[in-house]
Amino acid sequence: MEEIGTPTGDSHCESEEETPRYGENVTKTLIEEARLRRKLQFFFMNPIQKWHAKRRFPFKFVVQLVKIILVTLQLCLYASSSYNHVNYTWDNKITFSHLFLKNWDATREVNSYPPAAGPLAIYKEQDFFQTLDYAYDGYVRVGEAIGSYSYANEDNTATDMVLCLYQYKQGTIFGFNESYVFNSEIVERCLNISRYENGVMLNSRHFLLENNINVSFSALVRGNLMFSLKTVNFKAASRITAPNCYRFDIAITFNNEDHDGQLLLDLNAEAFRLKCDITYITDDEISSLLCSLLNYTVTITCIISLVLCCRTVCRAQHLKWITMKFFDEKFGRPLSSEDKNKFLNYWYITIIINDILIIIGSSIKEQIERREFTSDQWSICSMFLGVGNMLVWFGILRYLGFFKTYNIVILTLQRAAPKIARFMLCALIMYGGFTFCGWLILGPYHIKFRTLSTTSECLFSLINGDDMFATFSIMSNKSQLLWWFSRIYLYSFICLYIYVILNLCISLITDTYETIKLYYRDGFPESELDKFTGFINCEEMSSGMFRRTESNDSLSLICLVKNWCCFPKLQKTYRTLSRNSFSPNSAPHSNEAT
């Protein structure tokens, strides 16, 4: 505040008109400072204190509680549906592999590490044509399968299988004299394979030659054999839900991009949900109505939460601008960056993010339940709803932070985060060096270092003590030099990250925790903003000063007289706030001149 000096001896000679104007300016300054201090005190209160101060219904708190319940219920229902869908499509993919892939083995159905079997591949030209014939025969005899599969046409007649071959325009190799003829342009040729009647088997070699297609395996890049089947899933049926109808677009891929003598085989089945012609005792309108009602309720709740939080963040930034202006004009110094950051509540930012994610996820979920969909849409919807629900539950920590015991944990993580971030940056730089080095040197000789991602995953597992002996023992003995290098490399990495870096990271968190405990005992350090805001006790909080409506004319002399005459308790509070006001230059406060 501006320093108010003692009037000189000639002051009594001044005109009577100037005296009230002088006192009015001083009083305005007092009221402005008190109002700003009251706003800041209310801004930094938690919801419980704000309830005592203004007796205002905690809309944001109630909305967050309702949102947690609704979002969790929505996630549980969707998780069950998602699991059933993904599991159903995966099981059908396994079934199609047995029906349409020659030499498919059940050991390939179990994901194990290291893999129990090598990749499914073709090594002879005759095997390629036999694989086409086997897939065609399985497609013709699909009625013999245990699964209730039908053809894609409405009259249950088989659609044509489509074979697409991608070959170099020219690709001939003469290995005996180290020569070749090569043109890198890729030519696509597609051919419909119609169903043969009377159970006649397909002879793919002759069929391709009849259609002027010569398969040159030295020039073949890849091939796709595509067809579709329909089926109905009875497992999803219940007392209020009907079975689901699907169309599977099946594609058998022949991959020869490496030209290493292996023609890799793979089968992919993409599921599309279709609208069924239901002959069912219980219609599924009840299920659809309840799911849509839940989706819309969650969306509306998140929109309300989003609006309330955005409004709070905007008002906080407006208050920050007013406070910065006040400090510049009255104290001649700007707010520190630490004080400016206090006006941005990161809990509200987290709530805004999870509201946006849940709104998008609920919209995708509603589309999935109403229209055709693919597996990718299920995955995308799961990502939005899963991350959004995780952030919603993280938001509970904000309310636990109102209690001292839980707030220690939150403050420790908050204060340790910058130090840990700087420390982890240095650790990640070294980690990147180890990752690239291991990938380059050990990749051709070690299964865990074949790719950059598996190398990083292997090193991260070693930090946590996972599968250490296997990592050492799997190393190939083809090169003694690289075998010894792998030992030095692994020993140095494990010692550095487990015995040094992890312990240093733990010590940073421990030191911050001890510092927070001392703050709770001796008091937290106060910034300039904290000193200006001051401390307000429970009696002043419940006095009604925060429930008083402030109009635009609150700085007028009439309003001033009304306040000071009609509200003795408020007058006492203003004097207390003025006496405890903060002045950077330790100048006498204005209440002395007043």
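An unreviewed UniProt entry annotates the protein chain as Polycystin cation channel PKD1/PKD2 domain-containing protein of Dendroctonus ponderosae.

Could you clarify how one ought to interpret the pairing of strand E6 (residues 244-255) in this entry?
Regular strands place side chains that alternate from one sheet face to the opposite one. The pairing of strand E5 (residues 220-233) with E6 spans twelve bridges and is classified as antiparallel. Looking at the pairing, serine 228 lines up with aspartate 249 of E6. As paired strands, E6 and strand E7 (residues 263-274) are joined by eleven bridges and run antiparallel to one another. From the neighbouring strand, isoleucine 252 faces E7, where its bridge partner is leucine 267.

What's the story with the packing of helix H12 (residues 452-463) against helix H14 (residues 480-522) in this structure? I'm lost.
When two helices pack together, their arrangement is given by the angle between their axes and by how far apart the axes lie. It is at 9 Å that the axes of H12 and H14 come closest, and there the two elements cross at 55 degrees. As summarised for this structure, H12 and H14 are arranged oblique, according to the angle between their axes. In this structure, the crossing between H12 and H14 has a hand that is right-handed. Contacts from Leu459, Leu462 and Ile463 in H12 reach Tyr489, Leu490, Phe493, Ile494, Tyr497, Ile498 and Leu502 in H14. Residues that form the contact of H12 with H14 fall into these classes: ten nonpolar, no polar and no charged.

Explanation requested: unusual backbone geometry in the structure shown.
With glycine set apart, most residues show a phi of negative sign, and most peptide bonds adopt trans. One non-glycine residue with positive phi stands out, namely asparagine 156, at about 60 degrees. By relative accessible area, which is 43% here, asparagine 156 ends up partly exposed. In this structure, glutamate 178 takes a positive phi of about 55 degrees despite not being glycine. By the element assignment, glutamate 178 lies in the loop between strand E3 (161-174) and strand E4 (179-193). With relative accessibility at 69%, the residue glutamate 178 sits in the exposed group.

Would you take a moment to explain the UniProt feature "transmembrane region" (unreviewed entry) in the protein chain for this structure?
UniProt tags residues 293-314, 343-365, 377-400, 420-442 and 488-509 as "transmembrane region" (unreviewed entry). Helix makes up 87% of residues 343-365 and strand 0%, whereas the separation of the span's terminal C-alpha atoms amounts to 36 Å.

What's the story with the pattern of salt bridges in this structure? I'm lost.
When charged atoms on two side chains of opposite charge get close, those side chains can pair. One pass over the full model with this rule turns up eight salt bridges. Across the pair aspartate 137 and arginine 141 runs a salt bridge whose closest N-O atoms are separated by 2.8 Å. Judged by relative accessible area, arginine 141 falls into the partly exposed class, the value being 39%. Residues aspartate 339 and lysine 342 are paired through a salt bridge, measuring 3.5 Å at the closest nitrogen-oxygen approach. Overall, aspartate 339 belongs to the buried group, its relative accessible area being 1%. One network of salt bridges, in which partners are shared, links Asp137, Arg141 and Glu144.

Explanation requested: a nonpolar patch on the surface in the structure shown.
On the surface, a cluster of nonpolar side chains totalling about 510 Å² of accessible area is made up of Phe57, Phe59, Phe61, Val62, Leu65 and Val66. Within the secondary structure, valine 66 is located in helix H3 (residues 59-100).

Would you mind showing me how to read the pairing of E3 here?
Pairing of E3 with E4, which is carried by 13 bridges, proceeds in the antiparallel orientation. Bridging from a neighbouring strand, tyrosine 168 pairs with isoleucine 186 of E4. The turn linking E3 back onto E4 is made up of four residues, and glutamate 178 within it adopts a positive phi angle of 55 degrees.

When you look at the nonpolar core in this model, what are you seeing that I'm missing?
Here is a general trend for soluble globular proteins: nonpolar side chains tend to be buried in one another's company. If you look at the biggest cluster of nonpolar residues, it comprises 43 residues, and the most contacted ones within it are Phe100, Phe128 and Ile252. Secondary structure elements with two or more residues in this core: H3, helix H4 (125-140), E3, E4, helix H5 (204-210), E5, E6 and E7. Residue contributions to this core peak at seven residues, all from H4. Residues contacting isoleucine 252, with those up to four places away along its chain left out, are Phe100, Leu101, Ala135, Gly223, Asn224, Leu225, Phe227, Leu265, Asp266 and Leu267. Core analysis: the second largest hydrophobic core is formed by 21 residues, Phe449, Leu462, Phe472 and Phe493 among them.

Parameters and conventions
- Residues numbered from 1 in each chain as written.
- Predicted model: local features only at pLDDT ≥ 70, side-chain atom pairs only at ≥ 80, totals over all residues.
- Heavy atoms only, no water.
- Pairing = 2+ DSSP bridges.
- Helix = DSSP H or I, 4+ residues; strand = E, 2+ residues; numbered from the N terminus.
- Axes fitted to C-alpha atoms, helices over the stretch in contact; angles between N-to-C directions.
- Parallel < 35°, antiparallel > 145°, perpendicular 65-115°, else oblique.
- Left-handed = near helix turned anticlockwise from the far one by under 90°.
- Contact = heavy atoms within 4.5 Å.
- Nonpolar A, V, L, I, M, F, W, Y, C, P; charged D, E, K, R; others polar.
- Buried < 20%, exposed > 50% of the residue type's maximum accessible area, 1.4 Å probe, protein only.
- UniProt positions renumbered as here; feature names shortened; annotations may be inferred.
- Salt bridge = Lys/Arg side-chain N within 4 Å of Asp/Glu carboxyl O.
- Patch = residues over 30% accessible without salt bridge, like charges linked within 9 Å, V, L, I, M, F, W, Y side chains within 5 Å.
- Areas by Shrake-Rupley, 256 points an atom, 1.4 Å probe, with all protein chains shown as cover.
- Core = buried A, V, L, I, M, F, W, Y, C linked by side-chain atoms within 4.5 Å.

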